[in-house]
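Observations on chain architecture
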Amino acid sequence: QVQLVESGGGLVQTGDSLRLSCVLSGRAFDTTIMAWFRQAPGKERKFVARSGADTSVAVSLAGRFAISRDNAKNTLYLEMNSLSPEDTAIYYCATGRPGKVYPVTAADYQYWGQGTQVTVSS
């Protein structure tokens, strides 16, 4: 059974940095497209970054956020810098659906973690 477990969220102040982690079990990590999404209260879940056939970060977040992976540890990371209150959200990691080479929308992803809360105070 596929499981994703996120960690690393918390309460930080404006300008701080955080690194989120996501551990995948139940399928081969090195051949799985992985991504981060975030969902703020009352808003839809939005793409943050993807690691797979390519590495992609949402244009609005590029320069502050970076995605990486350690295939030996089955772990996906999201490095977030210069955080602001607008970054407050639940952050989810997810696995791409088979056949999707460059998945971007939430519908393109199959399995999801439970999410980790990131709160940035002003």
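Throughout what follows, the structure given in this document is the object of discussion. (Residues numbered from 1 in each chain as written. Predicted model: local features only at pLDDT ≥ 70, side-chain atom pairs only at ≥ 80, totals over all residues. Heavy atoms only, no water.)

Quick notes on the overall build of the protein
As a reminder, the rule being used: To qualify as a helix, a DSSP run of H or I must reach at least 4 residues; to qualify as a strand, a run of E must reach at least 2; elements of each kind are numbered from the N terminus. Using a 1.4 Å probe on the protein chains alone, a residue whose accessible area is under 20% of its type maximum counts as buried, one over 50% counts as exposed, and one in between counts as partly exposed. The contact rule is simple, with two residues in contact once any of their heavy atoms fall within 4.5 Å. Only the protein chains shown count as cover for residues, with accessible areas throughout obtained via the Shrake-Rupley method and a probe of 1.4 Å.
From N to C terminus, the protein includes 0 helices and 11 strands. Scanning the protein from its N terminus toward the C terminus, one meets helices and strands in the order β-β-β-β-β-β-β-β-β-β-β. If one aligns the C-alpha atoms of the protein with their principal axes, the spans along those axes are about 40 × 25 × 25 Å. In the protein, buried positions account for 40% of the 122 residues. Taking the intrachain contacts of the protein between residues at least 6 apart in sequence as the baseline, contacts between residues at least 24 apart amount to 59%. Accessible area of the protein: about 6,200 Å², with a carbon and sulfur share of 48%.

Quick notes on the nonpolar core
Generally speaking, a soluble globular protein has its nonpolar side chains buried in company with each other. Filter applied, for reference: The set of buried Ala, Val, Leu, Ile, Met, Phe, Trp, Tyr and Cys residues whose side-chain atoms join them within 4.5 Å is what this entry labels a nonpolar core.
Of all hydrophobic cores here, the largest spans 30 residues; its most connected members are Trp-36, Phe-65, Leu-76, Leu-78, Met-80 and Tyr-91. Looking at this core, the elements that each hand over two or more residues are strand 3 (18-25), strand 4 (34-39), strand 5 (46-51), strand 7 (65-70), strand 8 (75-80), strand 9 (89-96) and strand 11 (116-121). Apart from the residues lying within four places of it in its own chain, the contact partners of Leu-78 are Leu-18, Arg-19, Leu-20, Trp-36, Val-48, Ala-49, Phe-65, Ala-66 and Tyr-91.

Section: the environment of Phe-29
Mapped onto the elements, Phe-29 comes out in the loop between strand 3 and strand 4. When near neighbours in sequence (up to four residues on either side) are disregarded, Phe-29 contacts Leu-24, Met-34, Arg-69, Asp-70, Asn-71, Asn-74, Thr-75 and Leu-76.

Here's the deal with unusual backbone geometry
Phi at Asn-74 is positive, roughly 55°, even though this residue is not glycine. As for its position among the elements, Asn-74 is in the loop between strand 7 and strand 8. Positioned with a positive phi, Ser-82 is a non-glycine residue whose angle comes to about 50°. Mapped onto the elements, Ser-82 comes out in the loop between strand 8 and strand 9. Note on Ser-82: relative accessible area 45%, which makes it partly exposed.

Just distances and angles here, no functional claims.
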